[in-house]
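Listed below are the residues making up each chain.
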Amino acid sequence: MAKVDRYQHHDFYNMDALLSEDHLLARDAVRDWVKQEVTPIIEDYYERAECPKHLYKGLAEIGAYGPSLPVEYGGGGMDEIAYGVIMQELERGDSGIRSMASVQGSLVMYPIFAYGSEEQKKKYLPKLGSGELIGCFGLTEPDFGSNPTGMVSHFIDDGDSVILNGAKMWITNSPVADIAVAWAKDEEGVVHGMILEKDMPGFSAPEIHGKLSLRASITGELVFENVRVPKKNILPGVKGMRGPLSCLSKARYGIAWGVIGAALDCYDTALQYSKERVQFDRPVAGFQLQQRKLAHMITEITKAQLFTWRLGTLANEHKATPAQISMAKFNNVNMALEIARESRQMLGGMGITNEYPIMRHMMNLETVITYEGTHDIHTLIIGMEVTGINAFK
Amino acid sequence: MNILVCISKTPETTAPIDFTPDGKELKTEGMNYILNPYDEWYALVRALELKEQNGGAVHVIHVGPAANDIIIRKALAIGADEAYRVDCDPKDAWMVASEVGAFAKEHAYDIIFTGKETLDYAGALVPGMIAELLGVPFISFANHLEYENGKIICQREIEGGYEEVEAPMPLVVSAAKGLAEQRIPNMRGIMMAKRKPLNVIEPQCVSPKQTLTGYEKPPQRTGVKLIDPENMDELVRLLHEEAKVI
């Protein structure tokens, strides 16, 4: 039987008053969509480790791909806070569903929009926005995760084309993607971005199996074996690591908002459960130790909501720095993971079953705290910002 | 085909309902409101489908203060072409119906849709009053509607089955579950809604015909008593002495 989604939003500090009509309409629309399309099916897909591919189109129909990009390039023409609340509602459903949208919007559409030629923008962006094309983003390599600058993927000049060799790892969407925005070094060791199409000879994207996290999201590799890439597929607008890092800033921004959704879902589940579950002749919500957990959770969620609202305001003014985005990702993902663990305990044995979403969120968040810059790396980014000393190496 | 859809607001279905200590007013602090689901999911969407099939325009009208503009924007985001808000705070169904009736008299709408009721007060009075004010037919609780040869044919759910009724246009139809399927607004629709006209019109200022004298909550349900399956005598005693059903 399809699950009934009893989620109720929590807004302890009346944050809604800080949001515009557009933000509230966007948030409520995505919340309705998640209740209708995601909640009824997600546990089943998660258990079978299958990606609900039909949702790629649905995400496009509601406008979840690149909502803050201009309409003429396949986006929604909205602001950064709208993008944030959309990610929050998607991740309230599942981090894997949010990842589908984050990758398509922030890591595929954004670099083509920011660094692509007009021809590239016209060719790819409308189709990516409508979900006709699915994209993925190739930066991380088997031996270069936290240190992407060391990447070995490289290309050599060959007339109108370049010849690309190398491999990428942990690539969301890659096995089902029609195109990949991949980053590789030229003969001088300078990083460039390029658009690969799935039928290019020598290009393959095998799936990675055995994940115990983000099981409803498909992940794979990208393998480049003498792939001939036309030079017109290279993004002309950027050289060096600034290109991929600016994309990561966009995606990390979305994650900082998204994980609040996962935390809210865990908190809401624990709150509802603890008011109904009776032990020693009273609801467990009436016991001090449980109230301490609930009070801590809603306090941390409220702090994260304020954090992201301010970050969103800065982003709208084009003033959000990478270190500020790192701080929000660092704090909020950790907050969500702690709330998932704490709320799971409040459900006792039921907390480990898929009758409730908490364990799934908890397992997902282990990926979210790792990808797009690990928790430790974000710590060092903040550390470097405040001390001026690079502790990476 | 020109269609007017009447839209109303209602508290979010999960909102806790409480009243002031004197029982005269609903406590509205911190309460979130939504577009009434019967208006949104069924009336508005069926109106949009008819427009898509037959051409014309879909207008929405709301009788309420500016604070309710967000529900009007939502209707525009879903696809309505133009909106009208009568700027007053209605106290009963008569005030709403009078405002909509006066507005509709000045415009040539083929169909006026409402939801079958608003979820909060569930009065279901407004559409019948509008029809009477305009002197046009009224079909209530329609869960299926077709347009054929200039007539509207509706199916209504009745006790134990369905009935089919038809009426010429113009008419008023109140929409029940099943008339259409919910459409979730997309981001583009939300952005386009900002550019669609939301016209504010002055009210007729009719007096309400009803005065609210107070609210009262139903008695709280008492707890469940568990009885040992071996102790049938106790079950019979409780049913007889406490529940008084045997």
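Residues numbered from 1 in each chain as written. Chains lettered and ligands numbered in written order. Predicted model: local features only at pLDDT ≥ 70, side-chain atom pairs only at ≥ 80, totals over all residues. Heavy atoms only, no water.

Draft legend 1. Local environment of the overall build of chain A. A count of helical and extended segments in chain A gives 10 helices and 9 strands. A compact globule built from 393 residues would reach a C-alpha radius of gyration of about 21 Å, and chain A, at 21 Å, matches this within 12%. Reported as C-alpha extents along the three principal axes, the dimensions of chain A are approximately 80 × 50 × 40 Å. Across chain A, the fraction of contacts at a sequence separation of at least 24, relative to all contacts at a separation of at least 6, is 76%. Of the roughly 16200 Å² that chain A leaves accessible, carbon and sulfur atoms contribute 55%. (Helix = DSSP H or I, 4+ residues; strand = E, 2+ residues; numbered from the N terminus. Rg over C-alpha atoms; globule rule 2.2 N^0.38 Å. Contact = heavy atoms within 4.5 Å. Areas by Shrake-Rupley, 256 points an atom, 1.4 Å probe, with all protein chains shown as cover.)

Draft legend 2. Quick peek at the overall build of chain B. When helices and strands are counted, chain B shows 6 helices and 11 strands. With respect to the principal axes defined by its C-alpha atoms, chain B has extents near 70 × 45 × 40 Å. By residue count, 41% of the 246 residues in chain B fall in the buried class. Considering only residue pairs separated by 6 or more positions, chain B has 70% of its internal contacts joining residues 24 or more positions apart. Carbon and sulfur atoms make up 50% of the accessible area of chain B, which amounts to about 13700 Å² in all. (Buried < 20%, exposed > 50% of the residue type's maximum accessible area, 1.4 Å probe, protein only.)

Draft legend 3. A look at the sheet that holds strand β11 (residues 198–201) of chain B. Residue and element names in this part refer to chain B. As summarised here, the arrangement of the 9 strands in space is β9-β8-β7-β10-β6-β1-β4-β5-β11, forming an open sheet in which the pairing is mixed. Bordering the open sheet on either side are β9 (161–168) and β11, each of which pairs with just one other strand. Looking at each pair of strands side by side, their axes are set apart by 30 degrees on average, direction ignored. Both strand β4 (residues 57–63) and strand β5 (residues 82–86) contribute to a ladder of 5 bridges, which runs parallel. (Pairing = 2+ DSSP bridges. Axes fitted to C-alpha atoms, helices over the stretch in contact; angles between N-to-C directions.)

Draft legend 4. Layout of the domain arrangement of chain A. Residues and elements named next belong to chain A. We note that the domain assignment places domain 1 (15–129), domain 2 (136–233) and domain 3 (242–387) within chain A. For domain 1 and domain 3, the distance between their C-alpha centres works out to 19 Å. Of the residues lining the interface, 28 residues belong to domain 1; the matching set on domain 3 comes to 36 residues. Taken together, both faces of the contact between domain 1 and domain 3 bury some 2700 Å²; the carbon and sulfur share is 59%. (Domains from an automatic or database assignment. Buried area = accessible area lost by both parts, 1.4 Å probe.)

Draft legend 5. Layout of the interface of chain A and chain B. In this assembly, 21 residues from chain A lie in contact with 14 residues from chain B. Where chain A abuts chain B, roughly 1600 Å² becomes buried across the two surfaces, and 62% of that area is made up of carbon and sulfur atoms. The tally of links from chain A across to chain B stands at 3 salt bridges. Our enumeration of links across chain A and chain B arrives at 5 residue pairs in polar contact (both at pLDDT 80 or more). Among the secondary structure elements, those contributing two or more residues to the side of chain A that touches chain B are α1 (21–47) and α2 (54–62) of chain A. Broken down by element, the residue count for the side of chain A that touches chain B peaks at 10 residues, all from α1(A). (Salt bridge = Lys/Arg side-chain N within 4 Å of Asp/Glu carboxyl O. Polar contact = N/O pair within 3.5 Å; in protein donor to acceptor, adjacent residues only side chain to side chain.)

Draft legend 6. Representation of the pattern of salt bridges within the structure. Applying the stated criterion across every chain yields a total of 40 salt bridges over all chains. Among the salt bridges present, the one from A:Arg92 reaches A:Asp265, with a minimum N-O distance of 3.0 Å. Separated by 173 residues along the polypeptide, A:Arg92 in helix α3 (residues 80–93) and A:Asp265 in helix α6 (residues 242–276) bring together distant segments of the chain. Each member of the pair A:Arg92 and A:Asp265 is classed as buried. B:Arg46 is the salt-bridge partner of B:Glu49, the closest N and O atoms lying 2.7 Å from each other. With B:Glu49 and B:Arg46 both in helix α1 (residues 37–54) and 3 residues apart, the pair spans about one turn of that helix. Residue classification places B:Arg46 among the buried positions, given a relative accessible area of 5%. Look at the salt bridges and you will find they share partners, linking A:Asp16, A:Arg27, A:Asp28, A:Arg31 and A:Glu89 into a network.

Draft legend 7. Structural detail: unusual backbone geometry. Residues and elements named next belong to chain B. A cis geometry characterises the amide bond from Met169 onward to Pro170, with omega recorded as 0 degrees. Its place among the elements puts Pro170 in the loop between β9 and β10 (171–175). Phi is positive for Phe141, which is not a glycine, with a value near 55 degrees. Turning to its location among the elements, Phe141 is positioned in strand β7 (residues 138–148). The backbone of Cys205 sits at a positive phi, close to 60 degrees, despite the residue not being glycine. Structurally, Cys205 is set in the loop between β11 and α6 (232–241). Residue class for Cys205 comes out exposed when judged on its relative accessible area of 59%.

Draft legend 8. Just a nonpolar patch on the surface, in detail. All names here are of chain A. Taken together, the side chains of Phe12, Tyr13, Leu18 and Leu306 present a nonpolar region at the surface, about 430 Å² in accessible area. Residue placement: Phe12 occurs in the segment before α1. Take Phe12: its relative accessible area is 62%, and that puts it in the exposed class. (Patch = residues over 30% accessible without salt bridge, like charges linked within 9 Å, V, L, I, M, F, W, Y side chains within 5 Å.)

Draft legend 9. Here's a closer look at the nonpolar core. Ranked by internal contacts, the top residues of the largest apolar core, which has 108 residues, are A:Trp33, A:Leu90, A:Ile112, A:Trp183, B:Val5 and B:Phe113. Aside from chain neighbours lying at most four places away, what touches A:Leu90 is A:Val30, A:Trp33, A:Val34, A:Leu59, A:Ala64, A:Ile97, A:Arg98 and A:Ala101. Of all hydrophobic cores here, the second largest spans 32 residues; its members include A:Tyr267, A:Met335, A:Ala336 and A:Leu337. (Core = buried A, V, L, I, M, F, W, Y, C linked by side-chain atoms within 4.5 Å.)

Draft legend 10. Summary view of the layout of surface pockets. All names here are of chain B. There is about 1600 Å³ of room inside the second largest pocket. Along the walls of the second largest pocket sit 49 residues, with Pro90, Lys91, Asp92, Asp120 and Tyr121 positioned nearest its centre. Grouping the amino acids of the lining of the second largest pocket by side-chain chemistry returns 23 nonpolar, 14 polar and 12 charged. (1 Å grid on protein atoms, 1.4 Å probe; cavity = no way out; pocket = protein on both sides within 12 Å on 5 of 7 lines; lining within 4 Å. Points joined across faces, edges and corners; volume = space filled by probe spheres on them. Nonpolar A, V, L, I, M, F, W, Y, C, P; charged D, E, K, R; others polar.)

Draft legend 11. Structural detail: empty space enclosed by the protein. Residues and elements named next belong to chain A. In the structure shown here, the tally under the stated rule is 3 cavities of 30 Å³ or more. In this structure, the largest cavity encloses a volume near 100 Å³. Lining the largest cavity are His9, Asp11, Met15, Asp16, Leu19, Arg27, Val85, Gln88, Trp257, Gln305 and Trp309. Taken together, the elements giving at least two residues each to the lining of the largest cavity come down to α3 and α7 (288–316). Per-class residue counts for the lining of the largest cavity are 5 nonpolar, 3 polar and 3 charged. Each of domain 1 (15–129) and domain 3 (242–387) contributes no fewer than three residues to the lining of the largest cavity.

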